[in-house]
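# Coordinates in review
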Amino acid sequence: MSWFKRENVGSEKMAKPENGERRVKTEGLWLKCEGCREIIWKKDLEANYNVCPKCGANSRIEALTRLELLLDGAYKQFDADLASSDPLEFVDQRPYSERLATTQEATSLADALISAEGTIEGRKVQMCAMEPKFIGGSMGSVMGEKITRAIERSMAQKMPLVIISASGGARMQEGAISLMQMAKISAALMRLDEARIPYISVLTDPTTGGVTASLAMLGDLNIAEPGALIGFAGPRVIEQTIRQKLPEGFQRSEFLLKHGMLDAVVARLELKTYISKALTFFCGPVQ
Ligand SMILES: [Zn+2]
């Protein structure tokens with residue numbers, strides 16, 4: 001199947017890189033790097049896991065690509081069909097159920113998180129990766145449940161846990177139910193801590209709101225990709241509240257590292273080696 005899809009991508013008319021339609025899969029061959037503003041061949045960028053070959057800026061990647069980058073090869077997925085039941089029957093500009101259905105079709109995922117078990121340089125781990133394209137990677141009941149189950153599997157099998165965050169925060173369409181996930185996950189992480197099983201939190205662009213306020217900052221190690229937006233409330237809200245201008249680079253990885261909120265900033269292509277070394281430090285060499 002993918003043979004034909006690739007053919008189509010290649011034969012597409014060249015789209016203007018600035019047309020903003022970056023979500024469509026067959027949109028064109030060139031992209032503009034947000035770091036150095038250079039035009040890059042899309043395939044070059046993709047082959048390099050969306051790290052700009054010219055300036056090293058990280059643009060967002062899908063959850064599946066993330067797992068491919070960090071895990072050794074084949075992995076097992078859990079709860080792939082778990083989907084939200086729209087408990088509030090919420091309607092904003094359009095019904096939440098409809099928004100879910102279109103997003104599910106566009107991303108081929110049931111919700112904004114992939115939960116997997118695989119190996120990192122030979123060591124078995126539980127790994128969860130958020131999908132920023134799925135309603136902003138927002139955390140609702142499904143993400144909360146999937147992460148909690150992953151934590152429970154980590155405990156049952158004494159396996160380290162790695163969670164890669166890429167999320168705008170709690171999913172407002174699920175109201176208080178999505179907020180409760182913060183408490184649920186945090187409680188499960190506390191039990192994981194008591195069981196002395198390491199949890200590494202990887203914060204990527206963007207990690208904000210309820211995800212920052214719970215699981216993303218609760219790792220035994222909290223590491224981030226360069227230049228990632230990490231925060232709770234947005235800069236405008238903070239400026240209006242404290243009535244002060246915020247400093248340069250506020251809420252970016254490097255700023256947070258400098259102010260003691262993170263343990264390390266690690267380049268995307270070095271993440272796997274870094275995590276593997278950290279796990280060896282925590283658990284000893286692979287048995
Ligand atoms: Zn660049």
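A brief report on the enclosed structure follows. Keep in mind the model is a prediction, meaning the values are calculated, not measured. (Residues numbered from 1 in each chain as written. Predicted model: local features only at pLDDT ≥ 70, side-chain atom pairs only at ≥ 80, totals over all residues. Heavy atoms only, no water.)

## As for the environment of lysine 146
Where we set the bar: A run of H or I in DSSP becomes a helix once it reaches four residues, and a run of E becomes a strand once it reaches two; helices and strands are each numbered from the N terminus. Here, residues are in contact when the closest pair of their heavy atoms is within 4.5 Å. Two N or O atoms count as a polar contact when they lie within 3.5 Å, although within protein this holds only if one can serve as hydrogen donor and the other as acceptor, and sequence-adjacent residues are included solely when both atoms are side-chain atoms.
Mapped onto the secondary structure, lysine 146 falls in helix α5 (residues 141-157). C-alpha of lysine 146 to C-alpha of glutamate 174: the two residues are 28 residues apart in sequence and 16 Å apart in space. Apart from the residues lying within four places of it in its own chain, the contact partners of lysine 146 are Phe78, Asp79, Ala80, Leu82, Leu113 and Ser115. Only 3.2 Å separates the side chain of lysine 146 from the backbone oxygen of aspartate 79, close enough to count as a polar contact. Engagement of the side chain of lysine 146 in a polar contact is seen with the backbone oxygen of leucine 113, the distance being 2.8 Å.

## Thoughts on the coordination of the zinc ion
What counts, and what does not: A donor here means an N, O or S atom no more than 2.8 Å from the metal, or no more than 3.2 Å when the metal is Na, K or Ca. Since water is not included, a site may seem to lack partners. By the criteria applied here, four donors are tetrahedral when all angles lie between 85 and 135 degrees, four are square planar and six octahedral when opposite donors are over 155 degrees apart and every other angle lies between 65 and 115, and any other arrangement is irregular. Three labels apply to residues, based on accessible area from a 1.4 Å probe with only protein chains included: buried if under 20% of the type maximum, exposed if over 50%, partly exposed otherwise in between.
In this structure, Cys33 (SG), Cys36 (SG), Cys52 (SG) and Cys55 (SG) serve as the protein donors to the zinc ion, at separations of 2.3 Å. Of note is the zinc ion, whose 4 donor atoms meet at the metal with angles of 106 to 115 degrees in an arrangement that counts as tetrahedral. In the primary sequence, the donor residues of the zinc ion line up as C-x2-C-x15-C-x2-C. Taken together, the positions of cysteine 33 in the loop between β1 (30-32) and β2 (39-41) and cysteine 52 in the loop between α2 (42-47) and α3 (63-70) put the pair 19 residues apart, joining distant regions of the chain. Owing to a relative accessible area of 7%, cysteine 33 belongs among the buried residues under this scheme.

## Digging into the pattern of salt bridges
Pairing of side chains with opposite charge becomes possible as their charged atoms draw close. Rules: Only one rule defines a salt bridge in this text: a Lys or Arg side-chain nitrogen within 4 Å of an Asp or Glu carboxyl oxygen.
Per the counting criterion, the structure on display carries 16 salt bridges. Across the pair glutamate 38 and lysine 54 runs a salt bridge whose closest N-O atoms are separated by 3.8 Å. Residue glutamate 38 is found in the loop between β1 and β2, and its partner lysine 54 is found in the loop between α2 and α3; the two are separated by 16 residues along the sequence. Owing to a relative accessible area of 51%, lysine 54 belongs among the exposed residues under this scheme. Two residues, arginine 94 and glutamate 98, come together in a salt bridge whose shortest N-O distance is 3.6 Å. You can call arginine 94 partly exposed: its relative accessible area is 28%. On the basis of relative accessible area, glutamate 98 is assigned to the partly exposed category, the value being 43%. The network of salt bridges with shared partners includes Asp79, Glu145, Arg149 and Lys184.

## Some thoughts on the pairing of strand β7 (residues 199-207)
What counts, and what does not: In this description, strands pair whenever DSSP reports at least two bridges between them. Handedness of a crossover: with both strands directed away from the viewer, a clockwise path from the first strand across the helix to the second marks it as right-handed.
Burial within β7 is extensive, with 8 of its 9 residues counted as buried. With 6 bridges connecting them, strand β6 (residues 161-167) and β7 associate as parallel partners. Residue valine 162 lies in a different strand from β7, and its bridge partner there is isoleucine 200. Crossover handedness for the path β6 to helix α6 (residues 175-194) to β7: right-handed. Bridge count between β7 and strand β8 (residues 221-224): 4 bridges; the pairing is parallel. Among the inter-strand pairings, leucine 203 is bridged to a residue of β8, identified as alanine 224.

## Details of the sheet that holds β8
Sheet architecture is open: 7 strands sit in the order β3-β4-β5-β6-β7-β8-β9, paired in mixed fashion. The sheet is open, and its two edges are formed by β3 (76-78) and β9 (264-265), each paired on a single side.

## Quick look at the packing of aromatic side chains
Rules: Centres within 6.5 Å make a pair out of two Phe, Tyr or Trp rings, where for Trp the six-membered ring is used; the pair is then stacked when the planes are under 30 degrees apart, edge-to-face when over 60, and tilted otherwise. The criterion is that NZ of a Lys, or CZ of an Arg, lies within 6 Å of the ring centre and within 35 degrees of the ring normal, and then a charge sits over that ring.
A complete count under the given rule lists 2 aromatic pairs for this structure. Measuring from ring centre to ring centre gives 5.7 Å for phenylalanine 250 and phenylalanine 255, while their planes differ by 75 degrees; the resulting arrangement is edge-to-face. Over the ring of phenylalanine 78 we find arginine 153, and its NZ or CZ is 3.6 Å from the ring centre.

## Considerations on the packing of α3 against helix α10 (residues 271-283)
The relative placement of two packed helices is expressed as an angle between their axes plus a distance between the axes. Threshold: The angle between two axes is taken between their N-to-C directions and runs from 0 to 180 degrees, where each axis is a line fitted to C-alpha atoms and a helix contributes only its stretch in contact. With respect to orientation, any angle under 35 degrees is reported as roughly parallel, any angle over 145 as roughly antiparallel, any angle of 65 to 115 as roughly perpendicular, and every other angle as oblique. Residues are sorted three ways: Asp, Glu, Lys and Arg are charged, Ala, Val, Leu, Ile, Met, Phe, Trp, Tyr, Cys and Pro are nonpolar, and all the rest, Gly among them, are polar.
Where α3 contacts α10, the two axes come as close as 9 Å, and the packing angle between them is 60 degrees. In this view, α3 runs oblique relative to α10, as classed from their interaxial angle. Taking contact as the criterion, the partners of Arg66, Leu69 and Leu70 in α3 are, on α10, Leu271, Lys272 and Ile275. The class makeup of the residues in the contact of α3 with α10 is 4 nonpolar, no polar and 2 charged.

## Some details on the side chain of lysine 272
Within the secondary structure, lysine 272 is located in helix α10. Engagement of the side chain of lysine 272 in a polar contact is seen with the side chain of aspartate 72, the distance being 2.8 Å. If sequence neighbours within four positions are ignored, lysine 272 has contacts with Leu69, Leu70, Leu71, Asp72, Ile120 and Glu121.

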